[in-house]
Amino acid sequence: MPEMQFRVRWPDASSTLCYSPSSTIREAFVLGHAYPLQEFVARSRAALEHASLRVAQKYGFGCAHAALQIREIEQAAARYAGDPHATVTVESYE
């Protein structure tokens, strides 16, 4: 269950490097696909919660960094909540 990072491009063309405690994040997104903002947030939350659960199954406790990453994604997404056409693209896995 190797940890990894994934780079996302926000609606204003800025990018953020995000953390996942598991490579299962790859199952949540297609690289280069533009996701509607709320779908991106929901997929991120589900994938990071799943990854944290996998950590808990292996080590007996969840991943606090995954929970922090969910909050950071939700906070960043809130900046674009007023734009009904806002999309987020996962650009790479690192």
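Up top is the structure.
Residues numbered from 1 in each chain as written. Predicted model: local features only at pLDDT ≥ 70, side-chain atom pairs only at ≥ 80, totals over all residues. Heavy atoms only, no water.

1. A short note on the overall build of the protein chain
Within the protein chain, the secondary structure is distributed over two helices and four strands. Across the protein chain, helices and strands are ordered from the amino to the carboxyl terminus as β-β-β-α-α-β. Its C-alpha atoms give the protein chain a radius of gyration of 13 Å, within 12% of the compact-globule value 12 Å for 94 residues. Taking all 94 residues of the protein chain together, the buried fraction comes to 39%. For the protein chain, restricting intrachain contacts to residue pairs at least 6 apart in sequence, the fraction spanning at least 24 positions comes to 65%. Within the protein chain, one finds 9 positive and 10 negative side-chain charges whose respective centroids are separated by 4 Å. (Helix = DSSP H or I, 4+ residues; strand = E, 2+ residues; numbered from the N terminus. Rg over C-alpha atoms; globule rule 2.2 N^0.38 Å. Buried < 20%, exposed > 50% of the residue type's maximum accessible area, 1.4 Å probe, protein only. Contact = heavy atoms within 4.5 Å. Lys, Arg positive; Asp, Glu negative; His and termini not counted. Charge placed at Lys NZ, Arg CZ, Asp CG, Glu CD.)

2. Points about the pattern of salt bridges
Inspection of the entire model under this criterion finds four salt bridges. As a salt-bridge pair, Arg7 and Glu94 come within 3.4 Å of each other at their nearest N and O atoms. Placement of Arg7 in strand 1 (residues 4-9) and of Glu94 in the segment after strand 4 (87-93) is noted, with a sequence separation of 87 residues between them. In this structure Arg7 comes out as partly exposed when scored by relative accessible area, which is 24%. (Salt bridge = Lys/Arg side-chain N within 4 Å of Asp/Glu carboxyl O.)

3. With respect to the sheet that holds strand 2 (residues 15-20)
Overall, antiparallel pairing links the four strands, which are arranged 2-1-4-3 in an open sheet. The open sheet has two edge strands, strand 2 and strand 3 (34-36), and neither has a second partner. In this sheet, adjacent strand axes meet at a mean angle of 35° when their direction is disregarded. Sheet topology places strand 1 next to strand 2; six bridges connect them, and they run antiparallel. Note that in strand 2 the partner of Phe6 across the bridge is Cys18. Here helix 1 (residues 37-59) sits on the sheet in contact with strand 1, strand 2, strand 3 and strand 4, set at roughly 100° to strand 3. (Pairing = 2+ DSSP bridges. Axes fitted to C-alpha atoms, helices over the stretch in contact; angles between N-to-C directions.)

4. Examining the packing of aromatic side chains
Counted by the stated rule, this structure contains six aromatic pairs. Arranged with centres 6.2 Å apart and planes meeting at 25°, the rings of Phe6 and Phe29 form a pair that is stacked. Residue Phe6 is located in strand 1, and its partner Phe29 is located in the loop between strand 2 and strand 3; the two are separated by 23 residues in the primary sequence. For Phe6, a relative accessible area of 0% translates into the label buried. According to the relative accessible area criterion, Phe29 is buried, its value standing at 5%. Taking the centre distance of 5.4 Å and the plane angle of 75° together, the rings of Phe29 and Tyr35 count as edge-to-face. Members of the aromatic cluster, joined through ring pairs, are Phe6, Trp10, Phe29, Tyr35, Phe40 and Tyr80. (Phe/Tyr/Trp six-rings, centres within 6.5 Å; stacked < 30°, edge-to-face > 60°.)

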